[in-house]
Amino acid sequence: MDKNYAKPGEYKVNDLLAVAAAREVRDGEVVFAGTGLPMLAILLAQKTCAPHAYCVYEAGTIDGRSVHLPASVGDARCAYQAAVASGLFDVFGQLQRGKVDLAYLGGAEIDKYGNVNTTVIGDYAHPQVRFPGSGGNPDINSMARRTVFMMVQEKRRFREQVDYLTSPGWRVKKWPGGEWVSRQEAFGKMFRGGPSAVITNMAVFRFDESTGLMYLDTVHPGHTVEDVRNNVSFDLDVSRVKGETEPPTHEELHLLYHVVDAEGIFLP
Amino acid sequence: MSKRMSIPEAASLINDGDMITFSGFTIWRRPMALVYELIRQRKQNLHLVEVNSGTHGDMLIGAGCVKVWESCWIGQELFGKLGGNLDRKLREGSILVEDYSHYQMLLRMMAGAQGVPYLPTWASRGTDILNPDYDMLAKAGLRDGSNPKIPRHKFAIVEDQFYEEGTLIHVPAVRPNVCIAHVQQVGEDGTVRVWGQKFADEEAIKAADKVIVIAEEVVPEEYLRREPERNLIPPYLVDVIVEQPWGAHPTGNFGCHEVDGPFMRDFYNKTRTQEGFDAWADEWVFGVPDYEAYLEKLGFNRLQKLRANSAYKYNDSAKRGTR
């Protein structure tokens with residue numbers, strides 16, 4: 001069946017991000033989602049490619065049937081028709097137990113191994129800016145089977161090395177010594193997976209299984225490989241580009257604007 | 001003996017230098033009435049240990065009440081992307097920040113609640129949270145055992161003895177002097193009922209030495225005891241009861257009222273500088289004698305528009321977005 005794709009100019013970049021992120025969900029999966037675009041992604045996925053996916057919100061609601069879009073994971077709207085409204089100990093415990101398949105995360109900076117910084121810019125003890133902090137990002141990113149990062153594409157955000165390693169990618173520090181090792185080595189028997197995609201306003205990136213290095217997977221319509229390269233400050237692997245990112249369909253856009261975010265909270 | 005007190009009386013039980021934790025989650029169900037009063041009473045050197053923080057923490061930090069902040073997150077969610085006051089105080093070097101991850105902070109609180117010195121976890125391996133160079137309480141010389149509330153180590157990395165599954169992270173218990181909780185209902189003796197998500201309230205309340213509960217309403221114990229399965233905390237764990245409707249404003253409260261987003265955004269925008277914070281506090285904290293006057297200043301119409309629909313448990317009529 002031919003899909004009725006929207007053309008560039010008929011959708012906004014956040015629409016494409018939400019749609020691309022929704023397509024990462026496989027039907028029946030348990031998905032941890034945070035506030036904003038991640039909520040749009042899981043709610044859209046439940047209405048398209050993954051009608052039997054379960055959504056877990058970090059503040060302690062499981063499989064809600066929100067009729068009004070929550071503006072935060074702590075929102076009363078998350079609990080509407082939920083299977084369970086409990087608390088953090090329940091949902092983080094399930095995460096550690098291995099029950100979470102996929103999670104959406106974000107960050108201010110990312111390096112070529114997918115390590116993410118949401119803590120400080122500059123020296124940790126004397127920062128130039130203090131961000132909100134880790135939240136559950138490193139917990140989720142170290143214990144879910146797959147994670148998808150949604151980020152802004154800028155040279156200063158895609159770095160050789162991040163100022164503070166808040167959330168673990170594919171090559172991390174092994175403590176107590178702090179030596180750089182593969183994620184598999186650092187996590188040992190409790191390795192379950194890790195970052196599987198980074199979706200930005202320009203492209204989708206994935207990671208090489210053996211080296212842990214980020215590579216360019218698809219480029220969004222209207223952008224070129226060169227555009228992406230110019231907005232990354234490390235030597236990006238572009239040898240495996242598959243082509244253009246699949247654009248949103250008119251049906252997906254309709255669902256986003258008229259069902260998922262009918263009030264125009266995250267998609268004004 | 002009655003546990004009932006006023007907000008100023010309850011705040012006077014908190015000493016300078018106390019370790020404090022709170023109910024709620026980010027910008028939801030925070031004990032704001034008491035937070036304002038702590039600022040008004042000019043508390044000093046507080047040590048906040050929080051599973052996560054939010055507007056309340058950033059406010060106490062801006063007012064200069066806080067010496068140490070141990071947590072994982074601070075901000076105003078959609079209404080301000082940073083903890084603007086924490087950002088400024090940290091850049092100035094006038095506050096100590098100790099970063100843990102969200103689940104690690106929760107396990108620390110759970111260890112406190114369970115009476116054990118630590119709990120193990122897999123969470124947040126491979127990150128700078130475990131970097132010993134970033135153990136800021138150790139760097140400040142505070143892990144020498146002289147303060148019984150501060151553990152000697154930020155973490156321990158310990159081999160599993162039971163299933164040989166590798167090295168786990170042991171996180172130390174948190175044992176706050178006081179937990180300040182805002183809830184929907186409390187009985188006359190102290191039985192606590194929380195509606196909706198419980199967040200980390202049970203762990204925070206049970207970890208603390210002293211518990212102050214501020215409730216939307218105090219109800220007969222007999223009413224709560226008709227359905228004991230809906231209650232969270234028994235009376236003997238609660239030391240002080242305060243009745244304060246709307247006591248979580250501007251944070252939101254399940255079944256009671258929305259987050260006051262414009263109020264929070266105004267706080268965030270105006271308090272990025274210390275002068276801005278001081279002017280904001282002069283208007284909203286020191287400029288009103290008590291919480292009743294604060295609510296009066298907000299006005300009936302503003303509060304009425306935040307009120308939750310009793311079926312949905314949130315407000316379904318106010319315009320939230322652009323459509």
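This report concerns the structure included in the present document.

**Quick look at the sheet that holds strand β7 (residues 116–117) of chain A**
All names here are of chain A.
Inference 1: Read from one edge to the other, the open sheet built from 3 strands follows the order β7-β6-β11, with strand pairing classed as mixed. Pairing within the sheet leaves two strands with one partner each, and these edge strands are β7 and β11 (158–159).
Inference 2: Here strand β6 (residues 109–111) runs beside β7; their pairing, made up of 2 bridges, is antiparallel. Note that in β7 the partner of Ile110 across the bridge is Val116.

**With respect to the sheet that holds strand β7 (residues 167–172) of chain B**
What links the strands of a sheet is backbone hydrogen bonding, and the strands pair in either a parallel or an antiparallel sense.
Residue and element names in this part refer to chain B.
Inference 1: Strand order in the open sheet formed by 3 strands is β5-β7-β6, and the pairing between neighbours is antiparallel. With partners counted over all chains shown, the strands left at the sheet margins are β5 (118–121) and β6 (156–159), one partner each. Recorded for the sheet is a direction-independent mean angle of 35° between the axes of neighbouring strands.
Inference 2: In the sheet, β6 pairs with β7 via 4 bridges, with the strands oriented antiparallel. The partner of Val158 across the bridge, within β7, is Leu168.
Inference 3: Across the face of the sheet, helix α5 (residues 102–114) comes into contact with β5 and β7 while running at roughly 145° to β5.

**So, the packing of aromatic side chains**
Inference 1: Tallied over the entire structure, the rule returns 22 aromatic pairs over all chains.
Inference 2: Aromatic pair A:Tyr164 and B:Tyr134: ring centres 5.5 Å apart, planes at 25°, arrangement stacked. Highlighted residues: A:Tyr164 in the loop between β11 and β12 (171–174) and B:Tyr134 in the loop between β5 and α6 (136–139), drawn from two different chains.
Inference 3: Take A:Tyr164: its relative accessible area is 1%, and that puts it in the buried class.
Inference 4: Taken together through their ring pairs, the aromatic side chains of B:Tyr36, B:Phe263, B:Phe267, B:Phe277, B:Trp280, B:Trp284, B:Tyr291 and B:Tyr294 make up a single cluster.
Inference 5: Positioned over the ring face of A:Phe187 is B:Arg125, at 4.0 Å from the centre of the ring.
Inference 6: Here the guanidinium or amino end of B:Lys154 rests over the ring plane of B:Tyr100, the centre of that ring lying 5.4 Å away.

**Things to note about the packing of helix α1 (residues 13–22) of chain A against helix α7 (residues 250–260) of chain A**
Residue and element names in this part refer to chain A.
Inference 1: At their nearest, the axes of α1 and α7 sit 11 Å apart, and the two run at 105° to each other. For the element pair α1 / α7, the angle class is roughly perpendicular. On α7, the residues that touch Asp15, Ala18 and Val19 of α1 are Glu252, Leu253, Leu256 and Tyr257.
Inference 2: Class assignment for the residues of the contact of α1 with α7 results in 5 nonpolar, no polar and 2 charged.

**What about the nonpolar core?**
Inference 1: Within the largest apolar cluster, 122 residues are counted, with the highest numbers of intra-cluster contacts made by A:Leu40, A:Tyr104, A:Phe158, A:Phe205 and A:Val228.
Inference 2: In terms of residues, this core owes the most to one element, helix α2 (residues 37–47) of chain A, which gives 8 residues.
Inference 3: When residues no more than four places from it in sequence are discounted, the contact partners of A:Leu40 are A:Ala18, A:Leu69, A:Leu256, A:Val260, A:Asp261, A:Phe266 and A:Leu267.
Inference 4: Counting residues in hydrophobic clusters, the runner-up holds 47 residues, among them B:Ile14, B:Ile74, B:Ile180 and B:Ile214.

Parameters at a glance
- Residues numbered from 1 in each chain as written.
- Chains lettered and ligands numbered in written order.
- Predicted model: local features only at pLDDT ≥ 70, side-chain atom pairs only at ≥ 80, totals over all residues.
- Heavy atoms only, no water.
- Pairing = 2+ DSSP bridges.
- Helix = DSSP H or I, 4+ residues; strand = E, 2+ residues; numbered from the N terminus.
- Axes fitted to C-alpha atoms, helices over the stretch in contact; angles between N-to-C directions.
- Contact = heavy atoms within 4.5 Å.
- Phe/Tyr/Trp six-rings, centres within 6.5 Å; stacked < 30°, edge-to-face > 60°.
- Buried < 20%, exposed > 50% of the residue type's maximum accessible area, 1.4 Å probe, protein only.
- Lys NZ or Arg CZ within 6 Å of the ring centre and 35° of its normal.
- Parallel < 35°, antiparallel > 145°, perpendicular 65-115°, else oblique.
- Nonpolar A, V, L, I, M, F, W, Y, C, P; charged D, E, K, R; others polar.
- Core = buried A, V, L, I, M, F, W, Y, C linked by side-chain atoms within 4.5 Å.

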